[in-house]
Amino acid sequence: MRARQFRRRSAGLVVIVAVGATVGCGGAAPEVADAPPPARPSATATVSAADEEAAREAALAAYAGYLDATRAASRESDPRHPELTRYLGDPLLTRVRVTIRQAKENGAMRTGKLVSDPTVTSVSLETDPPTVDIQDCLDTTGYRLVYTHNKKVVPGSRGSRHLATATATRYPDGKWRINAGAAHQDQPC
């Protein structure tokens, strides 16, 4: 009975790292650096190729950090893992924390290997705040949701290779964080 209840409640847990599980926001407000203001065009922006390349590299580094931090937090069942706020911003930060907390409350954690192959699809440095869109082919076939007490795979948590998208935003402190994302499990890659 517990496995069946957990299976129903863990539908959003299947791909916690797959750039945002489909879990609603909730809980206390996380401690995050300044939230970015809504996007709006900048009147006097001129963007060089070097600026775009620097933004691409910074956004991909933030994305890699996001995946690493989320794996570490999931492995330790720690929704307050300190690396999460370094690489994630809201609303994605809250969604990831809620998902990790739900797994922990149900006696589960993520373990294994996640394979990522991200590419930048657009750079928007003339908006305020600047953003970079990322597309990834995530392979979660070796990244499992398991019960902590016996390491058995949670029924219904099979991984896949699917498309994922994310947005990196440059925050007022100058750091890039991943603040939006979606797993497109219906789109294999």
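Residues numbered from 1 in each chain as written. Predicted model: local features only at pLDDT ≥ 70, side-chain atom pairs only at ≥ 80, totals over all residues. Heavy atoms only, no water.

(A) Molecular detail of the nonpolar core. Ranked by size, the top nonpolar core spans 28 residues in total, and within it Tyr63, Tyr66, Leu84, Leu88, Val132, Ile134 and Ile178 carry the most contacts. Counting only elements with at least two residues in this core, the list comes to helix H2 (49-75), helix H3 (84-87), helix H4 (92-105), strand S2 (119-124), strand S3 (131-139), strand S5 (161-170) and strand S6 (176-188). When neighbours within four sequence positions are excluded, Val132 is seen to be in contact with Ala55, Ala59, Val120, Ser122, Val123, Ala166, Thr167, Ala168 and Trp176. Judged by nonpolar contacts, the second largest core, of five residues, contains Ala103, Ala108, Tyr147 and Val154. (Core = buried A, V, L, I, M, F, W, Y, C linked by side-chain atoms within 4.5 Å. Buried < 20%, exposed > 50% of the residue type's maximum accessible area, 1.4 Å probe, protein only. Helix = DSSP H or I, 4+ residues; strand = E, 2+ residues; numbered from the N terminus. Contact = heavy atoms within 4.5 Å.)

(B) Expanded view of the environment of Asp90. Counting through the fold element by element, Asp90 comes out in the loop between H3 and H4. The sequence separation of Asp90 and Asn179 amounts to 89 residues, and the corresponding C-alpha distance is 5.2 Å. Side-chain polar atoms of Asp90 contact the side chain of Thr94, separated by 2.5 Å. (Polar contact = N/O pair within 3.5 Å; in protein donor to acceptor, adjacent residues only side chain to side chain.)

(C) Structural detail: the confidence of the model for the chain. Averaged over the chain, the pLDDT score is 82; the fraction of residues at 70 or greater is 76%. Low confidence marks residues 1-33, where pLDDT is under 50. Its contacts with residues over four positions away, or in another chain, come to 104 contacts. (pLDDT = per-residue confidence, 0-100.)

(D) Looking closely at the pattern of salt bridges. Inspection of the entire model under this criterion finds four salt bridges. The residue Glu83 makes a salt bridge to Arg86 at a minimum N-O spacing of 3.4 Å. Among the residues examined, Arg86 registers a relative accessible area of 48% and is labelled partly exposed. Where Arg177 meets Asp173, a salt bridge forms, and the shortest distance between an N and an O atom there is 2.9 Å. A relative accessible area of 39% means that Asp173 is categorised as partly exposed. (Salt bridge = Lys/Arg side-chain N within 4 Å of Asp/Glu carboxyl O.)

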